[in-house]
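Close look at the chain arrangement
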Amino acid sequence: MTSTDFSVEIPRLRSTLASIEQVTGIAALDAKIVDLEEQASDQNLWDDVDNAQKVTSALSHAQSERRRISELADRIDDLEVMVQLAAEEDDADTLAEAERELISIHKTLDELEVRTLLSGEYDERDAVVTIRAGAGGVDAADFAEMLMRMYLRWAERHGYATKVMDTSYAEEAGLKSVTFQISAPFAYGTLSVEGGTHRLVRISPFDNQGRRQTSFAAVEVIPLIEQTDSIEIPENDLKVDVFRSSGPGGQSVNTTDSAVRMTHLPTGTVVSMQDEKSQIQNRAAALRVMQSRLLLLKKAEEAAERKELAGDVKASWGDQMRSYVLNPYQMVKDLRTEYQEGNPSSVFDGEIDEFIDAGIRWRAEQLKLNS
């Protein structure tokens, strides 16, 4: 016999779902869907392709969000019926199936609950992720490439669109740096907790003496700005250099100087783009990422001023935040949340949802403590 008290668990599920619906704002979400459906049905919609893509994407995302909540309500109702039938017929198999469904619903509710914690100004935006190799030589460059694959595999598992925007290859192996975009609802809010210094400990495959090596990589996550954002950069504040795109080992992949390096002179912020086909496209992409970084820099400066007024805050997102240990034991551990996994291979293959969820919950707690 099951030890689960469904008469307690099912009302608890409904209560949690009701809280999620309240925070999500179901009425506002329904109104948004109606508005987007009207825009999508406009026969002139595709006269402006960029706007049409934004409208259809926003509609798809909103409908998906609404459907997830509706389907959860239906699943809870079905679970209640399943439990009643199992009790009436004394059916152990059906009761066991109800147990499994209860666990599954709890997991889905947890995921939705984490989404309600994403209420930052830019949390709904697409994310631009930059990974830079740090200390550790060729191992660090290889680690940077491992992290890139980890995030791209995570996006692939969720069906999120990705686009590599710039790649700087290291001489021997791996990457000096890479910048890529992940397009999904709340991509920035979700991935922003991944920003910081990541550390890898392993037997170096590049050391012929088989010594253990510690290497580092920095992960930066910024929101992709919209054209409506008021970020104006005077032309005189920008220095733009063009150069020839290159691939691994310095091999030319483009016979024209189409790659762009853009420098914001007042702050020293540098953005490089080389994965678009033309110099004009690379320049436009570089300017958009530059605006995103300057926007985040402005917000960080404002936050720093508030922190100075509020006093010292212990949590620091710029410090080492996660360790990936492959030797002498196998462990990936987040140093902020204490969440850990004993299977680094699965983590590097993109199974990082639990780390991200723990990070979002941790950040929410930090904000409460320091508010």
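This brings us to the overall build of the chain. On a plain count of helices and strands, the chain comes out with nine helices and eleven strands. Counting all 371 residues of the chain, 40% fall into the buried class. Looking at the chain as shown, the accessible area adds up to about 20200 Å², and 47% of this sits on carbon and sulfur atoms.

For strand 9 (residues 320-325), a buried count of five out of six residues is recorded, marking the element as mostly surrounded by other parts of the structure. Note that strand 4 (residues 196-203) and strand 9 share five bridges and pair parallel. When the bridges of strand 9 are listed, His-198 appears paired with Arg-322. Adjacent in sequence and paired antiparallel, strand 9 and strand 10 (residues 331-334) are bridged by five residues.

Attention now goes to the sheet that holds strand 7 (residues 259-264). One open sheet holds the three strands; their spatial order is 6-7-8, and the pairing between them is antiparallel. Only two strands of the sheet have a single partner each, and these edge strands are strand 6 (238-243) and strand 8 (269-273). The sheet shows a mean angle of 15° between the axes of neighbouring strands, taken without regard to direction. Pairing of strand 6 with strand 7 involves six bridges; the strand directions are antiparallel.

For the rest of this paragraph, the subject is unusual backbone geometry. That bond from Asn-327 to Pro-328 is cis: its omega, 15°, falls within 30 degrees of zero. With respect to the helices and strands, Pro-328 occurs in the loop between strand 9 and strand 10. With phi around 50°, Asp-90 is a residue other than glycine that occupies positive phi space. Looking at the secondary structure, you find Asp-90 in the loop between helix 3 (49-89) and helix 4 (92-115). For Asp-90, a relative accessible area of 61% corresponds to the exposed category. Positive phi values are uncommon outside glycine, yet Phe-186 reaches one of about 60°.

Turning next to the sheet that holds strand 9. Read from one edge to the other, the open sheet built from eight strands follows the order 2-3-1-5-4-9-10-11, with strand pairing classed as mixed. The sheet terminates laterally at strand 2 (161-169) and strand 11 (340-341), the two strands that pair on one side only.

Looking at the chain, the pLDDT average stands at 85 and 90% of residues meet or exceed 70. Taken element by element, the predicted model of the chain shows its lowest mean pLDDT in helix 7 (residues 279-310) (75) and its highest in helix 8 (residues 344-348) (97). With pLDDT under 50 throughout, residues 250-254 is counted as low confidence; its partners more than four residues away or in other chains account for nine contacts. In the predicted structure, residues 309-318 sits below a pLDDT of 50 and forms eleven contacts with residues beyond four places in sequence or in another chain.

It is worth spelling out the packing of helix 4 against helix 9 (residues 353-369) at this point. Geometrically, a packed helix pair is captured by the angle between its two axes and the distance between the axes. Across the interface, helix 4 lies against helix 9 with an axial gap of 10 Å and an inter-helix angle of 45°. As the angle between them shows, helix 4 and helix 9 are arranged oblique. For the pair helix 4 and helix 9, the crossing hand works out as left-handed. Between helix 4, through Asp-110, Glu-113 and Val-114, and helix 9, the contact on the second element is made entirely by Asp-357, Ile-360 and Arg-361. Of the residues assigned to the contact of helix 4 with helix 9, the class counts are two nonpolar, no polar and four charged.

A word on helix 1 (residues 6-24). A rise of 1.5 Å per residue sets the reference length of helix 1, with its 19 residues, at 27 Å; its end C-alpha atoms lie 26 Å apart and thus fit the reference within 8%. Regarding helix 1, the residues found buried are Phe-6, Glu-9, Ile-10, Leu-13, Leu-17 and Ile-20. Relative to the axis of helix 1, the buried residues are bounded by an arc of 95° and lie together on one face. Exposed residues lying more than 90 degrees from the buried face of helix 1 are Ser-7, Gln-22 and Val-23. Structurally, helix 1 contributes buried residues whose contacts are with helix 3 and helix 4. Trailing helix 1 by a residue or two, Gly-25 shows a phi angle of about 80°, which is positive.

Using the criterion set out here, one finds four aromatic pairs in the structure. For the pair Trp-154 and Tyr-160, a centre-to-centre distance of 5.5 Å together with 70° between the ring planes defines the contact as edge-to-face. Aromatic rings pair up to connect Phe-143, Tyr-324 and Phe-348 into one cluster. Positioned over the ring face of Trp-362 is Arg-336, at 5.6 Å from the centre of the ring.

Each value, and the rule that gives it
- Residues numbered from 1 in each chain as written.
- Predicted model: local features only at pLDDT ≥ 70, side-chain atom pairs only at ≥ 80, totals over all residues.
- Heavy atoms only, no water.
- Helix = DSSP H or I, 4+ residues; strand = E, 2+ residues; numbered from the N terminus.
- Buried < 20%, exposed > 50% of the residue type's maximum accessible area, 1.4 Å probe, protein only.
- Areas by Shrake-Rupley, 256 points an atom, 1.4 Å probe, with all protein chains shown as cover.
- Pairing = 2+ DSSP bridges.
- Axes fitted to C-alpha atoms, helices over the stretch in contact; angles between N-to-C directions.
- pLDDT = per-residue confidence, 0-100.
- Contact = heavy atoms within 4.5 Å.
- Parallel < 35°, antiparallel > 145°, perpendicular 65-115°, else oblique.
- Left-handed = near helix turned anticlockwise from the far one by under 90°.
- Nonpolar A, V, L, I, M, F, W, Y, C, P; charged D, E, K, R; others polar.
- Expected span 1.5 Å × (residues − 1).
- Arc of directions from axis to C-beta.
- Phe/Tyr/Trp six-rings, centres within 6.5 Å; stacked < 30°, edge-to-face > 60°.
- Lys NZ or Arg CZ within 6 Å of the ring centre and 35° of its normal.

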